[in-house]
Each structure stands twice: as structure tokens, then as C-alpha cells.
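# Examination of the molecular architecture
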Number of protein chains: 2
Amino acid sequence: MSVNPEVVREVSEFNNYYNSLAELLNRHLADNNLSLSALRVLIKLREEEEQCTAGKLIANLGIDGGYLSRILKSFESNQLIAKRKSNLDGRTWYLQLTPKGSRLLETLEQGSAEQIGKLLEPVPAEQQQALAGAMKTVRHILSDDAKISPEDITYRRDLQPGDAGFIMHMHGSLYAKEAGYNLEFETHTCKTFYEFLEAYNSSKDQVFLAMHGNQIIGSIAVLGHSRYATQMRWFLVHPDYRGIGIGQRLLTEAINAAKEKLFQKIYLITTSQQVAATSLFKKNGFRKSGEKHMPMWGLQLTEERYEIDLI
Amino acid sequence: MSVNPEVVREVSEFNNYYNSLAELLNRHLADNNLSLSALRVLIKLREEEEQCTAGKLIANLGIDGGYLSRILKSFESNQLIAKRKSNLDGRTWYLQLTPKGSRLLETLEQGSAEQIGKLLEPVPAEQQQALAGAMKTVRHILSDDAKISPEDITYRRDLQPGDAGFIMHMHGSLYAKEAGYNLEFETHTCKTFYEFLEAYNSSKDQVFLAMHGNQIIGSIAVLGHSRYATQMRWFLVHPDYRGIGIGQRLLTEAINAAKEKLFQKIYLITTSQQVAATSLFKKNGFRKSGEKHMPMWGLQLTEERYEIDLI
DNA sequence: GAAATCTGTTTGACAAAAGCAATTAAAAAA
DNA sequence: TTTTTTAATTGCTTTTGTCAAACAGATTTC
């Protein structure tokens, strides 16, 4: 994978900037006679809970063994941690925070939170949100273990101003990138959205959005076209958030909504390209009810129709 | 301004995460026998160029005076900086990087870039972009001096898949927040966009987008409705980017495009609420050619029409 | 205009933080 | 059993950073 020099420059500048900021954010540590390394050890100990050894800390934190040994010794003499000999290996000790250690960590984090509060105080609320989002993005991209988990995702079933545009944006840009569709596809999406918005009625129509923070990362909708049948549309999950069950959740919600609104049938139009989506449809009881080859969105595609009976 | 505890938590976690990362990114410093503080001094000296004094460094970097004095002394003995006595104040010295100092700094940044390169190597290209964007956002929000400057903004005149949706999104969400418009407004925007996209023809239509990285932050368009007149639409700059001339630049581009396409007249529809925009229109030669009161987008508004003759 | 005060910088003494190498003791391999 | 490897500790050292006092030029005060 090639690396964009512009990106490297920004990371470098960011690093330089954050080095100054860190100095400010970590200043409160001095009040408690703790070094940054010592704090990181405490945090790691809480994370690992049990069965944490010195070696693990050395490997994870990149800290010198000798230095760590002294940190741990001081922790022990202050009763912040408890050591317990391993019965598998007589050389190693399992390290664990004592209640006192946990309390200290909490106090420290309290102090840190106050510093952060002061820093954030003059920042308008929505910029604060944007900040948190951006920081999460940084962590998410750079660390393997800060993967997005289903708990980070919230769901919303009301359509707010800006939502429709963003869903169109996701469709336009993602299908262009992933499937090679041209602008005609976004035009078509725009048309369907206009028809939807104009006739929007919550008794027959329902939108579901998957959100990460205040960012839309997935969507689905059911549109009551007749008294009996409803069309499912705009089923999409942003690629960064696939594979953690968001698609299934959206689909379930949509099917349930259609049932609640007493529709007898759901149908949807997709293409044979959408392998992941169609397999999900089939798994949820949809069956293919038609297909035709045709030139669409600048490509030669096979349009497919799926249906499910709800009663 | 109140502070959201969720945001504080994310900042705290981010800080914790970045402390580990910084250790990695700054490791190369040890190879050159420089401390992090010393590096920051070097960077600041390059930034300030001339007339930088020790006091300024102390104030800006929050570094101890005694420590700084020693760092500077070592820099001087290594011919990385040159001191020059102030003739205004006999106590102070103006500090300046020597060519050798600049070269060292470049070498260091080279090393840093290599570290960053290694870190970024497994990250897909678009996630790299997203990372840079997120980091810029963080800096932008937290630092007063990292204000967006006009040089950071690029302009684009082609309409790519996803653009239309995003412009609609900006209109829908921003007008809702700033002017209180309801969903009907986004519906209307959607309709106008559909009409535009369907009849899109680059000989008569032109879109301009202001970009920050790969994010759309401003838009404008001219739509050739007849042989003589063109309508200006979707003129909007994201609030975070206002007041640095982006609006004027977009407007100029749009007027020029209309002239190039040999239209005789531009007209546009807006409301009396859009004070900043209308004053910009007037400043650029538009005149009000009509207005009517009417209920719109859930409010009682005064719709205004502006025109400009191009020949 | 001399004394007192203030400000920018330097110096000395010292403490804290971190790294390196040698050592110990247990485990694993030969 | 001997050798080698590994986890942790200890002694020693360097680096980094802090604090208070000193110093010298500037400014204020009387």
C-alpha cells in the first residue's frame, strides 16, 4: 500500500501539535507523583484485569524492564497492586490492581477530565461532537483493536433534515467506487428520494438509520406503495462498518416495520452484483421473483427482484 | 459552554491511546541525541524565523527557563543556532537556526516521516485520507491558530457521484439548524437537483465545489434554463469555513462561468433571511428584482429574486 | 540621577525519569 | 545433567526536567 506524502505531513504536524497538547493534558500527573509511564502501567493493569505479568507490560507498553520493575515495586509498597505467584512458572507474578489502586486511577482520571473540561469549555457543543468523532476516527484507523463494535452503533427511525441528502451521497459515491456506476445512478436515487419525500407518510413509510456518533453509516427504508405491498429501498452499510451485523439489524427492523404496518409483502429491486446483500435477503426469507438484463448506470447489469410474504 | 461527558471520555481515551503512539513516533529522536523538548524548540525556531527570543520560547512551549537555557547552549555549541544580541534590550538574544540547524531538522523530519510511513503502510489509501482529515479537524477545533486558511481550500468544477447528495445534505441540515426550515425544504432541494441532474449539460450548466481535503465545504451552480438567462443555485458555505472569502470566490467563479457560456443574465431566488448572502450578491452587482411573502418550509418567509446583467 | 524594582536569561544543585548491563532464579532444551 | 533461554530484579549511569538563587540590563520611583 502506497503512502501519500500529504498524509504523512499532516500526521507529522499533528504529532508535533499533540506533543504540546499532551504536556498540558498530562500535567495533573505531577500532582500525584506519577510518571506518564506509571500511569500507562496502571491503565494497562486495569485493562488486562487478571493474569497480567511484567513481561506482558514490557511487550505492550514498550517500557524498559528495569524501570518497570521499580515502578511495580513502588506500586506494591503503596498497596496499589497485589502480586500473586504463578503456579505454572515460578519466575512470574500475576499483577492486579487493588481496590486502592483502582480508586487512585479513578481520581487521576477525574483530574484528567477536569483538564479536558477546561480545554473544551470554550468549544461550541457541536464542535465538541466533531472533535470526539475525529478522535475516534483516528484511533479506529490506526489501532487494530479499536475496531468498531456493535455497541458503538445507534439506530434512529426518524428522518431529519439532511438525512435524505446524506443517504443519496452514500449511494452515489459508494456505488460509483464499488460497482462503477455513473452519475445516472445518483440521478435515479435522487428521483426516488424526491418521490418518497413528497409522499412521505409515517403510517406507511419508515426509514431506519444506523449511526456512529452523529454520522449516518447505514440505511434502509420501507415504502408503502400500495395497501398490500411495500418496497424496500436504500439498503446500504458503509464499507468501514460492514461485517458486524449492522446490515442484518437494519433488515430485521425493516421487515418488522412492514409487519407492524400490516403489509402482506415486501419487494425490492437490486442487481446481481450485490452478492452480500442478496445472500442476506435470501437468509431472511426473500426469494428471487424476477430478473432482467439491461444497460444501467453505464454498465450492463442484471436487475433482480426479490420478494417476501409476511403472512 | 457546557461540556459533554461522552466527549470528555473520548478525549481521555484518545489521549491515553496517543501517549502510546507518541512513544513510537518519537523514538527516532533518541538516535540523534535530542529530547522531545529540544525538538520542539528547533521546530519553533524555524516557525518564528527571526526575532525569536528565549522568553518567547518559554511562553510558547511552556518549558522551564533553566532547561531551555541549557538546550540553547548545546545548540549553539553544535552550531545549530546563531545568537544575535538585541540592540533594543541588552539582556535578550535573537535566536535563529543556522543552515546546519535547518538541515538537522530536515533529517529528523525525514526519520519521522519514515516512522509514519511504516505506520501508515498497511492502511488503505482512502482511510489514510480520512485519517489526515480527522487529524486536521482535531487541530482545527482545539487550536486557535490552526485556523483554516484560504490556501487549504481547493476548488473543483466537475460533478462526481456523491456530490449532489452531499450538497443536498448540507442544504437540508444547515438550513434546518440555521434557519429552522423543515423537511419540505430538503424535498424541494431534492426536486431541483433531480431536474438539474436529468438535464445536466456541461455546455450550459456548471457546478463549483469548494473542498477541504476530500470534503465538500461549499457549493454553487449556474443552470442554463433558457438561451439568455441562467439561474444561480445551491450557494452555500459550511459555517466552519465562513469569513475567509470562500463565498466570494464561488460567486466570482459562477459569474465568470455564466459569462463564458455567453448568458446575458443571471437570476437567483433566495429569502430575506439570507443577509450575508444577499449583501454579497449586491456587492457583486446583483439587484433585487422582486419579492413576495409566503409560507415556506414551515415558516413565514419573504422570497426575494435577484438579477444581474452580464453584458 | 541614584536606589529600588522588574524582567530576561543564566547558573548551581538536585530530583525524577529512563536506559543499560550484569545478576538471579526458574524453565526449557540439548 | 548440563546448557541455554527466559522473566524479573538490581546496581549503575545518563538524560531530562525542576527549583531557587544569581546576574545583568531595563524600568520605575522618589
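In what follows, the structure referred to is the one given above.
The structure contained in this document is the topic of the report that follows.

Each value, and the rule that gives it
- Residues numbered from 1 in each chain as written.
- Chains lettered and ligands numbered in written order.
- Predicted model: local features only at pLDDT ≥ 70, side-chain atom pairs only at ≥ 80, totals over all residues.
- Heavy atoms only, no water.
- Near = heavy atom within 4 Å.
- Polar contact = N/O pair within 3.5 Å; in protein donor to acceptor, adjacent residues only side chain to side chain.
- Helix = DSSP H or I, 4+ residues; strand = E, 2+ residues; numbered from the N terminus.
- Nonpolar A, V, L, I, M, F, W, Y, C, P; charged D, E, K, R; others polar.
- Phe/Tyr/Trp six-rings, centres within 6.5 Å; stacked < 30°, edge-to-face > 60°.
- Buried < 20%, exposed > 50% of the residue type's maximum accessible area, 1.4 Å probe, protein only.

### With respect to the protein's contact with DNA strand C
- Lining the immediate surroundings of DNA strand C are 21 residues, of which A:Tyr67, A:Gly90, B:Gly55, B:Arg70 and B:Arg91 lie closest.
- When the atoms of DNA strand C within 4 Å of the protein are sorted by group, sugar and phosphate make up 63%.
- Residue A:Arg70 places a side-chain N or O atom 3.2 Å away from a base oxygen belonging to DNA strand C.
- Between B:Lys83 and DNA strand C, the recorded distance is 2.8 Å, taken from a side-chain N or O atom to a phosphate oxygen.
- Elements with a minimum of two residues in the surface near DNA strand C: helix 4 (65-77) of chain A together with helix 4 (54-61) and helix 5 (65-77) of chain B.
- Residue contributions to the surface near DNA strand C peak at 5 residues, all from helix 5 of chain B.
- Partitioning the surface near DNA strand C into residue classes produces 4 nonpolar, 9 polar and 8 charged.

### Observations concerning the packing of aromatic side chains
Residue and element names in this part refer to chain B.
- Taken as a whole and assessed by the stated rule, the structure comprises 31 aromatic pairs over all chains.
- Relative to Trp-297, the ring of Phe-185 lies with its centre 5.3 Å away and its plane at 65 degrees, an arrangement referred to as edge-to-face. Of the two residues, Phe-185 is situated in helix 9 (residues 183-198) and Trp-297 in the loop between strand 8 (287-296) and strand 9 (299-309); the sequence distance between them amounts to 112 residues. The same class applies to Phe-185 as to Trp-297, namely buried.
- Here Phe-281 and Tyr-306 contribute two aromatic rings whose centre-to-centre distance is 6.1 Å and whose plane-to-plane angle is 45 degrees, an arrangement assigned as tilted. Of the two residues, Phe-281 sits in helix 11 (residues 275-283) while Tyr-306 sits in strand 9, which places them 25 residues apart along the sequence.

### What to know about the protein's contact with DNA strand D
- Near DNA strand D, the surroundings consist of 22 residues, among which A:Gly55, A:Arg70, A:Lys83, A:Arg91 and B:Tyr67 are the closest.
- Close to the protein, within 4 Å, the atoms of DNA strand D belong to sugar or phosphate groups at a rate of 62%.
- Between A:Ser69 and DNA strand D, the recorded distance is 3.4 Å, taken from a side-chain N or O atom to a phosphate oxygen.
- Elements represented by at least two residues in the surface near DNA strand D include exactly helix 3 (54-61) and helix 4 of chain A together with helix 5 of chain B.
- Top contributing element to the surface near DNA strand D by residue count: helix 4 of chain A, with 5 residues.
- Its residues assigned to classes, the surface near DNA strand D shows 5 nonpolar, 9 polar and 8 charged.

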